[in-house]
Amino acid sequence: MSEQQTTKSEYKKPLPDMRPEGQHFWENTKQHKLLLPTGADGAPFWYPRAYAPGTLDPIGWVESKGEGTVYTYSVHYIGPSSAYKGEPPHVVALIDLDEGVRMMSNIVRDEEGYPSVAPEDVSIGMRVRVVFDDVTDEITLPKFVPVA
Amino acid sequence: MSVREATPNVAETRRMLKKGIVIAGVGETEQGILKDRGSFQLLAEVTKITLDDAGLSLSDVDGMVTAFSFVESTLMHSTTLADYLGMTPGYFASVAVGGATAPLMAVQAALAIDAGLAEVVLCVRGDNTRSGISSSGMIAMAREMSHGAYEAPYGLTTIGGYGLLAQRYMHEHNVPQEALAQVVATQSEHAALKWNAMLRDVVSVEDVLATRMIATPFHVADCSLVSDGAAAFLVTTADRAKSMKSKPVYITGIGEGYSHQYITEAKSVEGVRDGLGRAGRRAMEVAGITPEDLDVAEIYDSFSFTPLIALEGFGICGKGEAGDWILAGNGKLGSKLPVNTHGGLIRQAHLGAMHHIVEATLQLRGEADDSARGGGNHQVPGAKLAITNGSGGILAATSALVLSSEPPSA
C-alpha cells in the first residue's frame, strides 16, 4: 500500500457517494478487506444494497479472496473531470470475481500510488487480484493488478 | 435475481393503435451551436414550426408531453413550457428515461388519446445543451450513467461505459474497429444531405480511425454530438388529422425492453442485445410485420457501436453479423434497408431519439428531400414502413416504434 497519505482536499477525483447501506463495505475496504453482500441463500451479489435484489431478503456479508478475471475493459484517454487532465490514460474494467459477482474497478500496477497499467498490458480474460488504494484518509478503493 | 417479464397483451395494444393513432406534424429547428437561443425559446420555436406543419394553432393543442432539460432545472417541465407558450393543456406529462424518452413520449401521447384525456398532443423536446450547460452540469452529465458509489470513483465516463460493452461485443464476435467506423462513414453520407446536420462532410473509415481516441474502442468521430436545438411531433387520431395539413403517419407498433441500469449489472452481451431487442421485436409483432418488410430504419446511435447491437437485437441482422452487414454497404441510401437517413446523433445532432422519429415520419410522408433548403435528397423511394428506437442509459432501457404510411392491418 501507499505510504503517502493524501488528504481529501488534495484528492480531486470522484469519491464514492456515501449511503448508509454502503458504510459496512467502505469500512472494510479501509481495513483492506473486500466484502461482498450476500442474499438469504448465502450467494454473493453486487453492488451493495440494503436488501437482496430480486427477493428483498435481509443481506449478509462474505469476504472475497479478491481474485478474478477481466470480463471487459475500456482504456479512458479522457476522464470524467478536470482531475484527470495531464494524466496517462486509466483503464476501467469489469472484473468477474471467482465468487461469481462482477464489479467495476481500475487495472493498475502494483507499485507506489498504484499507477495505471499501460493500455497494451490489459486484455479480456486476464487474471487479476485485488489491491487496496488508500486514496484519502477515509476512503480506500479496491483496485486490481495483473497476476503474473 | 428474479426477473418479472412484462406480459404485454399484443391484441390490446393493436386495439388501441387500430383506432388510428398518427403523427400529424413534425418540426425541427436548426441544430448545432445556437448561443442566441435559450432552452424554452427553442421549444417555443419548434412548437410554432410543428403547428405550421399540421396547419394548427396553439389553441388546437389539448395535450402536452415534454422531456427534461440539462440546463433549466424544473420538476414540472411540461407545465413550465405550457406557461411559456401561453396555453392551458388538459393533459400534461414529462418523460425522463434518457435516450428512450422520445418514443416513450409518443407512447404517452397514444395512451392519453386512447383514454380520452386529450385529442391533439404536442410531444416536444429541445435544449441548449451545448451552449447553456455549466461545467458542473457537464460533469454531472458525464457521470449520469455511473453508479455514484461503485462505478464513478473509477473514472468511468459515459463513453467508456459504452466502450466496456462494445469491447466485449467485438471480442466475442471478432468485430473489427473498421465496422464501427463504417457506421460513421455511412451516416456521414446521409448527414451531408440533411439541411440541419451539424456535420455535413462525408468521412471515410480511415478518416474516422484517424481521429483522437477517447475511450477504447471509440474515437471522437464514433461519438454522438452535443448540440443545441429542438424537435417535435404532434400525435392525434386519424380522424382528427383529416382536417390537418400534412399527411398523417400511423403508429402501428410499440415495444419496450430493459435489461439493466448500470453497466456493471449487464449480465452479458447477449443479455443486453436481447433486452434492447425485445423493444423492436415487440413493436414489429404488434405491427404484424417482420424485419424484411421494413423500408427504412432510424436506429438510436449514441455511439457507432449502438446501432450494430440494435440491428441484431431487432432481428434485422444475425447475432454478431451487423459489422459485416454494414461493411458490405448495407444501411446506405440506395441499399435494401437504409439506416439513419438523417445522419443520426453522430452526424446530425443529439436530441435523444427525437430526430429519429421526425426523420422516419418525413420518410413515410415522402418528404425527405432537403434540396430546397440547402441539403439534398435523402428520401428512400416509396418508403412505407419504418422502425425507430431510442435507448436510455448504456443500452439499459429501450423503446421502439413501428411507423407506417398506411393504417394498421394487423
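Everything quoted here is computed from the prediction, not taken from an experiment. (Residues numbered from 1 in each chain as written. Chains lettered and ligands numbered in written order. Predicted model: local features only at pLDDT ≥ 70, side-chain atom pairs only at ≥ 80, totals over all residues.)

## What to know about the overall build of chain A
Right, on to step 1. The number of helices and strands found in chain A is one helix and seven strands.
Right, on to step 2. Beginning at the N terminus, the succession of helices and strands in chain A can be written as α-β-β-β-β-β-β-β.
Right, on to step 3. The globule rule puts the C-alpha radius of gyration for 148 residues at 15 Å, and the 16 Å found for chain A is close to it.
Right, on to step 4. Principal-axis analysis of the C-alpha atoms gives chain A an extent of 45 × 35 × 25 Å.
Right, on to step 5. Considering only contacts in chain A between residues 6 or more positions apart, those separated by 24 or more positions represent 54%. (Helix = DSSP H or I, 4+ residues; strand = E, 2+ residues; numbered from the N terminus. Rg over C-alpha atoms; globule rule 2.2 N^0.38 Å. Contact = placed C-beta atoms within 7 Å.)

## Some points on the interface of chain A and chain B
Interface size is often expressed as the accessible area that is lost when the parts come together.
Right, on to step 1. Across the contact, 33 residues belong to chain A and 27 residues belong to chain B.
Right, on to step 2. Every element with two or more residues in the side of chain A that touches chain B is listed here: strand 3 (67–76), strand 4 (90–97) and strand 5 (102–106) of chain A.
Right, on to step 3. The dominant element in the side of chain A that touches chain B, judged by the number of residues it contributes, is strand 3 of chain A, at six residues.

## With respect to the sheet that holds strand 10 (residues 385–392) of chain B
Residues and elements named next belong to chain B.
Right, on to step 1. Sheet architecture is open: nine strands sit in the order 3-2-4-7-1-8-11-10-9, paired in mixed fashion. Whereas interior strands pair on both sides, the edge strands pair on one side only; in this sheet they are strand 3 (91–94) and strand 9 (296–298). The average undirected angle you get between the axes of adjacent strands in this sheet is 25 degrees.
Right, on to step 2. Contacting strand 8 (249–258), strand 10 and strand 11 (397–404), helix 11 (residues 269–287) runs over the sheet at an angle of about 150 degrees to strand 8. (Pairing = 2+ DSSP bridges. Axes fitted to C-alpha atoms, helices over the stretch in contact; angles between N-to-C directions.)

## Description of the confidence of the model for chain B
Right, on to step 1. With 97% of its residues at a pLDDT of at least 70, chain B reaches an overall mean of 95.
Right, on to step 2. At the level of chain-chain contacts, confidence expressed as ipTM amounts to 0.94, with global pTM at 0.96. (pLDDT = per-residue confidence, 0-100.)

## Some details on the nonpolar core
The tendency in soluble globular proteins is for nonpolar side chains to be buried side by side.
Right, on to step 1. Residues Val121, Cys123, Val235 and Ile251 of chain B are the most contacted members of the largest nonpolar core, which totals 164 residues.
Right, on to step 2. In this structure Val121 of chain B touches Gly63, Val65, Tyr91, Ala109, Ala112, Ile113, Val235 and Thr236 of chain B, once residues within four positions along its chain are discounted. (Core = buried A, V, L, I, M, F, W, Y, C linked by C-beta atoms within 7 Å. Buried ≥ 20, exposed ≤ 12 C-beta atoms within 10 Å, placed from the backbone.)

## Quick look at the pairing of strand 4 of chain A
All names here are of chain A.
Right, on to step 1. Across the eight residues that make up strand 4, a large majority, seven, are buried.
Right, on to step 2. In terms of strand pairing, strand 3 meets strand 4 through eight bridges, oriented antiparallel. Its bridge partner lying in strand 4, Val70 is registered against Ile95.
Right, on to step 3. What sits between the antiparallel neighbours strand 4 and strand 5 is a turn of four residues, in which Gly100 has the positive phi angle 100 degrees.

## Points about the pairing of strand 7 (residues 140–146) of chain A
Residues and elements named next belong to chain A.
Right, on to step 1. Judged by how many residues are buried, strand 7 sits mostly within the fold: five of seven residues are covered.
Right, on to step 2. In this structure, strand 6 (residues 127–134) lies alongside strand 7, joined through seven bridges in antiparallel fashion. Of the residues in strand 7, the one forming a bridge with Asp133 is Leu141.
Right, on to step 3. Counting the residues in the hairpin turn of strand 6 and strand 7 gives five residues.

## Observations regarding the environment of Ile251 of chain B
All names here are of chain B.
Right, on to step 1. On the secondary structure map, Ile251 appears in strand 8.
Right, on to step 2. With 152 residues separating them in the primary sequence, Ile251 and Leu403 have C-alpha atoms 4.7 Å apart.
Right, on to step 3. If near-sequence neighbours (up to four positions away) are discounted, Ile251 is found in contact with Leu17, Ile21, Val22, Ile23, Ala106, Ala110, Leu401 and Leu403.

## Here's the deal with the packing of helix 11 of chain B against helix 12 (residues 306–313) of chain B
Two measures define how a pair of helices packs: the angle their axes make with one another and the distance between the axes.
Residues and elements named next belong to chain B.
Right, on to step 1. Across the interface, helix 11 lies against helix 12 with an axial gap of 8 Å and an inter-helix angle of 70 degrees. As judged from the angle between their axes, helix 11 and helix 12 are roughly perpendicular. Here helix 11 runs over helix 12; the crossing is right-handed. Between helix 11 and helix 12, the residues in contact are Val272, Arg273, Asp274, Leu276, Gly277 and Gly280 and Ile309, Ala310, Glu312 and Gly313, respectively.
Right, on to step 2. Counted by class, the contact of helix 11 with helix 12 contains four nonpolar, three polar and three charged residues. (Parallel < 35°, antiparallel > 145°, perpendicular 65-115°, else oblique. Left-handed = near helix turned anticlockwise from the far one by under 90°. Nonpolar A, V, L, I, M, F, W, Y, C, P; charged D, E, K, R; others polar.)

## Details of the packing of helix 2 (residues 39–54) of chain B against helix 3 (residues 77–85) of chain B
All names here are of chain B.
Right, on to step 1. Close contact between helix 2 and helix 3 brings their axes to 10 Å; oriented N to C, the two are set at 70 degrees. Classified by the angle their axes make, helix 2 and helix 3 are roughly perpendicular. Crossing of helix 2 against helix 3: the hand is right-handed. Contact with helix 2, carried on its side by Phe40, Leu43, Ala44 and Thr47, involves Leu81, Tyr84 and Leu85 of helix 3 and no other residues of that element.
Right, on to step 2. Looking at the contact of helix 2 with helix 3, its residues break down into six nonpolar, one polar and no charged.

## Section: the environment of Phe305 of chain B
All names here are of chain B.
Right, on to step 1. Examined against the element boundaries, Phe305 turns out to sit in the loop between strand 9 and helix 12.
Right, on to step 2. Note on Phe305: 26 C-beta atoms within 10 Å, which makes it buried.
Right, on to step 3. Every residue in contact with Phe305, bar those within four places of it in the chain, is listed here: Tyr162, Ala166, Tyr169 and Leu180.

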